[in-house]
Structures are given as structure tokens and as C-alpha cells.
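The lines below spell out each chain.
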Number of protein chains: 2
Amino acid sequence: MSANASLSERRCKGRPRAFDRTLALRRALEVFWRRGYAPASVSELCKVMEINPPSLYATFGNKASLFLEAMNFYEETYWKEPARRFMADPDIYRAVKNFFNESAQILLSPETPCGCMVVLAAVNISEEETEIIEAVKALRMETKQMFSDRLRRAINDGQIPPDTDVPALSGALNTMLEGLSIQARDGLFQSELKAIAAHAARMLPSPRP
Amino acid sequence: MSANASLSERRCKGRPRAFDRTLALRRALEVFWRRGYAPASVSELCKVMEINPPSLYATFGNKASLFLEAMNFYEETYWKEPARRFMADPDIYRAVKNFFNESAQILLSPETPCGCMVVLAAVNISEEETEIIEAVKALRMETKQMFSDRLRRAINDGQIPPDTDVPALSGALNTMLEGLSIQARDGLFQSELKAIAAHAARMLPSPRP
DNA sequence: TATATTTTTTAGCATATACTAAAAATATAA
DNA sequence: TTATATTTTTAGTATATGCTAAAAAATATA
């Protein structure tokens, strides 16, 4: 139809794909984000992606692999940069404060005001979907590890006491971050969510004199 | 069969119920708690309750009303007393510390180590189930209100500054509490969960001199 | 033009789900 | 004993879900 070939996909033999793969993935992402994995039916996904089931399965494998690809897309698009800034900021207090403020913004972004996909989309999923369960859990653990790494550096930099309980504190920051997703789902305003998120930094040890 | 008549239900005409209503409700509660509302199929519920679908529907109405009744049972059984103690403790710091410690214990109780039913069971539910969505949300709001009420009393008692941002702080405590459910689902040990939960009290303003 | 290759469209399949009609079973009341 | 009321058992129904076979359509290459 139109010249929508992605750069990395050379035109080849056979009937050309009639839809933009990346755009379709982005639309699938929105459905999974808003509704969660299980309630996002293949039928609804197809409607939103404007393709038929056989195209979905030929292009993305199945519902589960489509979800996994959408989730990676989500991470890259929304969280990569905030996480990079968090690790780059030399001041731990400012880093935490800014990261949680940005997080509140993402969780209640106007297009998709529905919390974090990694936290919420695979809750109450069938126990058989082990691949998805493991994948979202791994991403959550990555975030916790990020907090942990950053706190250890803060200890090395003399910004927080060396006897800080890093596993507990990084776990607590992670708990706040994940809890914010539920608040977002419960319909808080972004101003309220930011005021709450600001309290995360209060769990850090008080600055050394 | 056996004398299992609940005290409040007088024996009447007709074939007597062959199962204990309260026991069946408790078993349904466990299924909803562990698996969530949607993945808990009527078929599985019936198996665990040891009854057939018609008995379930005659006794509890339908899946949704069974869930609502189970959730109220859950609240009464697990959270009523901790909440009462939280409100009764005259010291806000100790109240928060104890409440979050008890919460960690409930969320990872040996029988059902799967977070809070009110927080998790109705995530990713079909949007048509408005009654359930509203009910779980209302219960979450009640907890937040409890935090709010207790903090205002702490202000009146001169335990925390009068300019404390009560909505934000109660929201932050609520966020920690709800976030703990996700940690519980991710398989933390109770010792880890308690160490994390202890950080909630750090968000309170420092005690007045 | 003819052939090979890939995608799209159409029309479904098998399974699981929430729920129920109908009849058999078991109690009380007359 | 007979009639009435309630529950249980059996055997389903209608619908939605994830997924797919088969044929038609659209491109590149020989």
C-alpha cells in the first residue's frame, strides 16, 4: 500500500506487510498497559492494531510474546532515561527526589494514566504463564537492584552512613515506587501522586552534618 | 448429614444444606486470595468448596457476590483487630511501627503468603465488574482514611507538627502498605518484608524535642 | 508471463468460562 | 401417609477466548 517499510527490514519477495510493525506494537502496548495482560483479548488487540489474528500471530508469535515485546518497548520508551538520570546524579537525595517525581509523571501520563505496566499488567495472571510472570518479576528486581547499587555508591561517597541497611532501604524505595502504581489506578491527581512520591526521599538517612 | 447448622439459621422445611456455609466461604476466600478474582474459576471454587455450581449460586448468588462476601470476611478476620490497635495506641510512632510490622505478618502468613486481597485480587479485572472495582477501592480508601484520622489526632496531641501535610503523608503510608503486597507476591521472606515495612515510620516527621 | 514467496482475508476449531434447567433426594408440616 | 419446600445431582447452554487451516491477493524473481 504505502511506503511504510521499517529501515531494518529490507523489501523481500512475497506480499509486503500492509501495516507498520512498530506502530502496531505501540498500540498493543497501550492496550496491555491500560487493561492488563489477561483482559486484553486477542480480539481487542487486533481491533486496536488494525490487523487480523493471523497477521498478529505471524508477526509476533502469540499473545505472550507480543506482551513481552511490548513490555520491553515500554521500558525503553518510558523508563530508560529516568533510570539513567537517577544513576548519573551525584547527589543521592536529589536523585531520589527527582526519580520519584518523574515516576509520578509517567504513572499518570495523560495518554495512559494507569500506573506501571511492569507492576500491574501481569497481576492475577494464570499460573501457567510462567514466562510472563518471570519476565515482569525480573524487571521489578532490576529496579530494586538499581536502588541498591545507587545507595552503595552513596555510602562510598560518604553521603549516607556506612551502616545503612541497603537491602531494606532499596526494598522500601522499591515498595513505594510499586505502591504508586496502585494509587495511580485509584484515580489520584498527578499533584497528589507527586506529593506522596516526595515522601520516598524521607526514608533516606538524614544527611551527615 | 451432620449437625452443621449455623446458629443463626433455624432448621426449616425442605432438604437441609449438606455443607457448612461459613467453611465454604472461608475456602472460597483462600482461592480468591491466592489466585485473584478473575483466575479463580467457578469450577475451581466449587472443587475447593466441595459443592456443585447450583449450590454455589443458590447460596451465594453469583461469583461476584461470593467474592464480595469473602472479602468482607477477610477484612473482619485479618485486619479488624490490627486496625483497632493502630487507632488505640496513643503513640503515633509506635502505632505506625506496630501496624506495619503486623501487616507484614498478615501479608506473608504461612497459610496464604500472597499479599493483601483488597490490594491485589481485583487488579486487571474486566471493566464491566464495576461493583467489585468500587468495593475494593472503597476498602483501600478506608485504610487511607484511617491513616489520615490517626495523623490528625497526632497533631492534636502535639506529637507531630501542625503543618504536617496529612493527605500526602497518609497517602504515602497507604502507598507503602499497598506496595508491600507486591513484595509479598514476589517471594520475599517475612524478615525482609518486615525490614522494609519498618521504613514506613521513617516518613513520619521527626519527634518534637 | 510464469513461478515462488509471503501476507491477508475468511471462516472457523477446541477449549474454558459463568451460569442454569430439570429431576432426584431429603427434610418438615398437615 | 401425603403434600410441600428446599437442596443436590446431572447434564447441560451460550458465550468468549486463544489460535489456525485454507484460499485469495500481492509482491519479487526466473
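Anything mentioned here points back to the structure above.
This text gives an overview of the structure that appears in the document. Everything quoted here is computed from the prediction, not taken from an experiment. (Residues numbered from 1 in each chain as written. Chains lettered and ligands numbered in written order. Predicted model: local features only at pLDDT ≥ 70, side-chain atom pairs only at ≥ 80, totals over all residues. Heavy atoms only, no water.)

## Structural notes on the overall build of chain A
- A count of helical and extended segments in chain A gives nine helices and zero strands.
- The principal-axis extent of the C-alpha atoms belonging to chain A is close to 70 × 35 × 35 Å.
- The burial tally for chain A puts 48% of its 209 residues in the buried class. (Helix = DSSP H or I, 4+ residues; strand = E, 2+ residues; numbered from the N terminus. Buried < 20%, exposed > 50% of the residue type's maximum accessible area, 1.4 Å probe, protein only.)

## What to know about the relation of the copies chain A and chain B
- For the pair chain A and chain B, the superposition axis carries a translation of 0.0 Å, the fit reaches an RMSD of 0.0 Å, and the rotation angle comes to 180 degrees. Put plainly, the chains are arranged around a two-fold axis. Taking the C-alpha atom as reference, chain A places Gly179 of chain A closest to the rotation axis, 1.9 Å from it.
- In this assembly, 100% of the residues forming the interface of chain A have copies in chain B that are likewise at the interface, indicating an isologous arrangement. (Least-squares fit on C-alpha atoms with pLDDT ≥ 70 in both. Contact = heavy atoms within 4.5 Å.)

## Some remarks on the protein's contact with DNA strand D
- Taken together, the neighbourhood of DNA strand D is formed by 23 residues, with Val42, Tyr57 and Lys63 of chain A together with Ala18 and Asn52 of chain B sitting nearest.
- The sugar-phosphate portion of DNA strand D accounts for 69% of its atoms within 4 Å of the protein, the bases making up the rest.
- Taking Gly14 of chain A, its main chain carries an N or O atom lying 3.3 Å from a base oxygen of DNA strand D.
- Contact between DNA strand D and Lys63 of chain A: a phosphate oxygen at 2.6 Å from a side-chain N or O atom of the residue.
- For the surface near DNA strand D, the secondary structure elements donating two or more residues are helix H3 (53–60) of chain A together with helix H3 (53–60) of chain B.
- Considering each element in turn, the surface near DNA strand D owes the most residues, three residues, to H3 of chain A.
- Class assignment of the residues belonging to the surface near DNA strand D gives a composition of eleven nonpolar, six polar and six charged. (Near = heavy atom within 4 Å. Polar contact = N/O pair within 3.5 Å; in protein donor to acceptor, adjacent residues only side chain to side chain. Nonpolar A, V, L, I, M, F, W, Y, C, P; charged D, E, K, R; others polar.)

## Notes on the pattern of salt bridges
All names here are of chain A.
- By the definition in use, this model includes 20 salt bridges over all chains.
- Arg94 is the salt-bridge partner of Asp89, the closest N and O atoms lying 2.8 Å from each other.
- With relative accessibility at 11%, the residue Asp89 sits in the buried group.
- Take Arg94: its relative accessible area is 43%, and that puts it in the partly exposed class. (Salt bridge = Lys/Arg side-chain N within 4 Å of Asp/Glu carboxyl O.)

## Focus on the interface of chain A and chain B
- Counting residues at the interface gives 38 residues for chain A and 38 residues for chain B.
- Contact between chain A and chain B buries roughly 3000 Å² in total, counting both sides, with carbon and sulfur atoms accounting for 54%.
- Among the residues of chain A in contact with chain B, Asn124, Thr175 and Asp186 of chain A are the three that bury the most area, contributing 21% of the side total.
- Here chain A is connected to chain B by four salt bridges.
- Put simply, the parts of the chain that give the side of chain A that touches chain B at least two residues each are helix H6 (117–120), helix H7 (130–156), helix H8 (166–185) and helix H9 (190–197) of chain A. (Buried area = accessible area lost by both parts, 1.4 Å probe.)

## Description of the protein's contact with DNA strand C
- In the vicinity of DNA strand C lie 23 residues, with Gly14 and Ala18 of chain A together with Val42, Tyr57 and Lys63 of chain B positioned nearest.
- One of the backbone nitrogen or oxygen atoms of Ala18 of chain A is found 2.7 Å away from a phosphate oxygen of DNA strand C.
- Measuring from a base nitrogen of DNA strand C, one finds a backbone N or O atom of Gly14 of chain B at 3.5 Å.
- Counting residues per element, the ones that place at least two in the surface near DNA strand C are H3 of chain A together with H3 of chain B.
- A per-class count over the surface near DNA strand C returns eleven nonpolar, six polar and six charged.

## Comments concerning the side chain of Lys144 of chain A
- For Lys144 of chain A, the location among the structural elements is in helix H7.
- Within the buried core, Lys144 of chain A has no salt-bridge partner, and the shortest N-O distance to an opposite charge, that of Glu192 of chain B, equals 5.6 Å.
- Apart from residues no more than four positions distant in its own chain, Lys144 of chain A is found in contact with Ser170, Gly171 and Asn174 of chain A together with Leu188 of chain B. (Lys, Arg positive; Asp, Glu negative; His and termini not counted.)

Shape is all these values report; function is a separate question.
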